[in-house]
Amino acid sequence: MSAEQTDNLTETSGRRRSRGNATYWLGLLLVGVIVLAGLISFVWTPYALSDMVGGRLEAPSLQHWAGTDRLGRDLFTQLMIGARIALIVGCGAVVIGAAIGVTTGLLAAFATRFLDDALAAVFDILIAFPTLLIAMLVVAAREEASLGTAILALGIGLSPIVGRITRILTKQVLGQDYITAARVSGTSWGAIVFWHILPNIAPFLGVNLALQFGLAVMAEASLSYLGLGAPPPNASWGRMLQEAQGTVYTAPWGAILPGLALFALVIGINLLADGLRDRFDPTKGAA
């Protein structure tokens, strides 16, 4: 390779690294603002959630930073509580989805050929159904709408995606020479999973789980919009959008602000995941 080609490759790699860092930090900023608002809401909000502290449909002002809704409740307080709900649902759904998906994915990777093919087919069939549809079926089966039900439903809906990715990543790791060496040395399969497989698939699986977090937040907002999410007095962004649809022309801030918050969190999560993927991708500096 000539010196000119080397310089071009270095310059290209530098530009890719710079774009990756910008993507990472922008995503971190967007997510950080939402996380901070959600954490603060545990200890402080401008007003009580159910208090009618102003006139109906007041515009944003110094007293009510995001205005008020049709009942005179402070919208900024609802936005903060909505951030908390989004974080709780997203984290809870990802934990449940990861617990189910990683377990079944590992079982599929270690199973016999017949069982592996059967589990892979189940993953593909479930993935063909939208996560929101699976979540709606779970909520309907439990015959109640609650925050816990929404988290459980979304976790179950996300698990086939996590399971399929875990199966693929695990099979790739099992084909490596160091796994063969570990088996020859007498290492048990449990130790191999704990010390070799999970640490090697964790970075790539973590990026996917970040994307699933954004998907869970969107699905929870959709469930709440349909009345199947967290019930009142919880203030979900999806419920805020549903309540504001009747006044969108007279008080558009009631729909715009929760929509922007939802957009910022989902886009931030995707940018953060994209930045993390660039950092974990060993070929990003290749030509």
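None of the values given here were measured: they were computed from a predicted structure.

Asks: Can you explain the overall build of the chain? Please cite residues and give values.
Replies: In terms of helices and strands, the chain carries 9 helices and 0 strands. For the chain, the N- to C-terminal ordering of α and β elements is α-α-α-α-α-α-α-α-α. Per-residue burial for the chain yields a buried fraction of 39% across its 287 residues. Sequence separation of at least 24 residues holds for 70% of the intrachain contacts in the chain that already meet a minimum separation of 6.

Asks: Describe the environment of Ser 50, listing the residues and the values that go with them.
Replies: Along the chain, Ser 50 falls in the loop between α1 (3–40) and α2 (75–110). For Ser 50, a relative accessible area of 52% gives the class exposed. The sequence separation of Ser 50 and Asn 234 amounts to 184 residues, and the corresponding C-alpha distance is 9.4 Å.

Asks: How would you explain the packing of α2 against helix α5 (residues 147–174) if you had to name every residue and give the values?
Replies: Contact geometry for α2 and α5: axes closest at 4 Å, N-to-C directions at 40°. Taken as axis vectors, α2 and α5 run oblique relative to one another. Two packed elements cross with a definite hand, and for α2 against α5 that hand is right-handed. For the contact of α2 with α5, the residue count by class is 20 nonpolar, 10 polar and 2 charged.

Asks: Can you tell me about the pattern of salt bridges, naming the residues and giving the values?
Replies: Tallied over the entire structure, the rule returns 6 salt bridges. The shortest N-O distance in the salt bridge between Arg 73 and Glu 243 comes to 3.4 Å. In this pair, Arg 73 is assigned in the loop between α1 and α2 and Glu 243 in helix α8 (residues 237–244), connecting sequence segments 170 residues apart. Residue Arg 73 is classed as buried on the basis of its relative accessible area of 18%.

Asks: Could you give an account of the side chain of Asp 74, naming the residues involved and the relevant values?
Replies: Relative to the assigned elements, Asp 74 resides in the loop between α1 and α2. An unpaired buried charge is present at Asp 74: no salt bridge exists, and Arg 73, the closest side chain of opposite charge, is 10 Å distant. Here Thr 77 takes part through its backbone nitrogen, which lies 2.8 Å from a polar atom of the side chain of Asp 74. Ignoring any residue separated from it by four or fewer positions in sequence, one finds Asp 74 in contact with Pro 46, Tyr 47, Asp 51, Val 53, His 64, Trp 65 and Gly 67.

Asks: Describe the packing of helix α7 (residues 189–225) against α8, naming the residues involved and giving the relevant values.
Replies: Packing of α7 against α8 brings their axes to within 7 Å, and their N-to-C directions diverge by 40°. One way to sum up the angle between α7 and α8 is to call them oblique. Relative to α8, α7 is oriented so that their crossing is right-handed. Residues Ala 221, Ser 224 and Tyr 225 of α7 lie in contact with α8, whose contacting residues are Gly 238, Arg 239, Leu 241 and Gln 242. Broken down by class, the residue content of the contact of α7 with α8 amounts to 3 nonpolar, 3 polar and 1 charged.

Asks: Please set out the nonpolar core residue by residue, giving values where relevant.
Replies: If you look at the biggest cluster of nonpolar residues, it comprises 35 residues, and the most contacted ones within it are Ile 197, Leu 205, Val 217, Trp 237 and Leu 265. Counting residues per element, the ones that place at least two in this core are α1, α2, α5, α6 (177–184), α7, α8 and α9 (253–280). In this structure, Ile 85, Val 89, Leu 154 and Ala 235 belong to the second largest nonpolar core, which totals 16 residues.

Asks: Which residues make up the packing of aromatic side chains, and what values do they have?
Replies: Under the criterion given, the structure shown has 4 aromatic pairs. Aromatic side chains Tyr 24 and Trp 25 sit 5.2 Å apart centroid to centroid with 80° between the ring planes, which places their arrangement in the edge-to-face category. Residue classification places Trp 25 among the exposed positions, given a relative accessible area of 51%. Between Trp 65 and Phe 76, the aromatic rings sit 5.0 Å apart at their centres with planes inclined by 70°, giving edge-to-face as the arrangement. Placement of Trp 65 in the loop between α1 and α2 and of Phe 76 in helix α2 is noted, with a sequence separation of 11 residues between them. The exposure class assigned to Trp 65 is exposed, which follows from its relative accessible area of 53%. For Arg 84, the ring lying beneath its charged end belongs to Phe 42, and the centroid distance is 4.7 Å.

The rules behind each value
Residues numbered from 1 in each chain as written. Predicted model: local features only at pLDDT ≥ 70, side-chain atom pairs only at ≥ 80, totals over all residues. Heavy atoms only, no water. Helix = DSSP H or I, 4+ residues; strand = E, 2+ residues; numbered from the N terminus. Buried < 20%, exposed > 50% of the residue type's maximum accessible area, 1.4 Å probe, protein only. Contact = heavy atoms within 4.5 Å. Axes fitted to C-alpha atoms, helices over the stretch in contact; angles between N-to-C directions. Parallel < 35°, antiparallel > 145°, perpendicular 65-115°, else oblique. Left-handed = near helix turned anticlockwise from the far one by under 90°. Nonpolar A, V, L, I, M, F, W, Y, C, P; charged D, E, K, R; others polar. Salt bridge = Lys/Arg side-chain N within 4 Å of Asp/Glu carboxyl O. Lys, Arg positive; Asp, Glu negative; His and termini not counted. Polar contact = N/O pair within 3.5 Å; in protein donor to acceptor, adjacent residues only side chain to side chain. Core = buried A, V, L, I, M, F, W, Y, C linked by side-chain atoms within 4.5 Å. Phe/Tyr/Trp six-rings, centres within 6.5 Å; stacked < 30°, edge-to-face > 60°. Lys NZ or Arg CZ within 6 Å of the ring centre and 35° of its normal.

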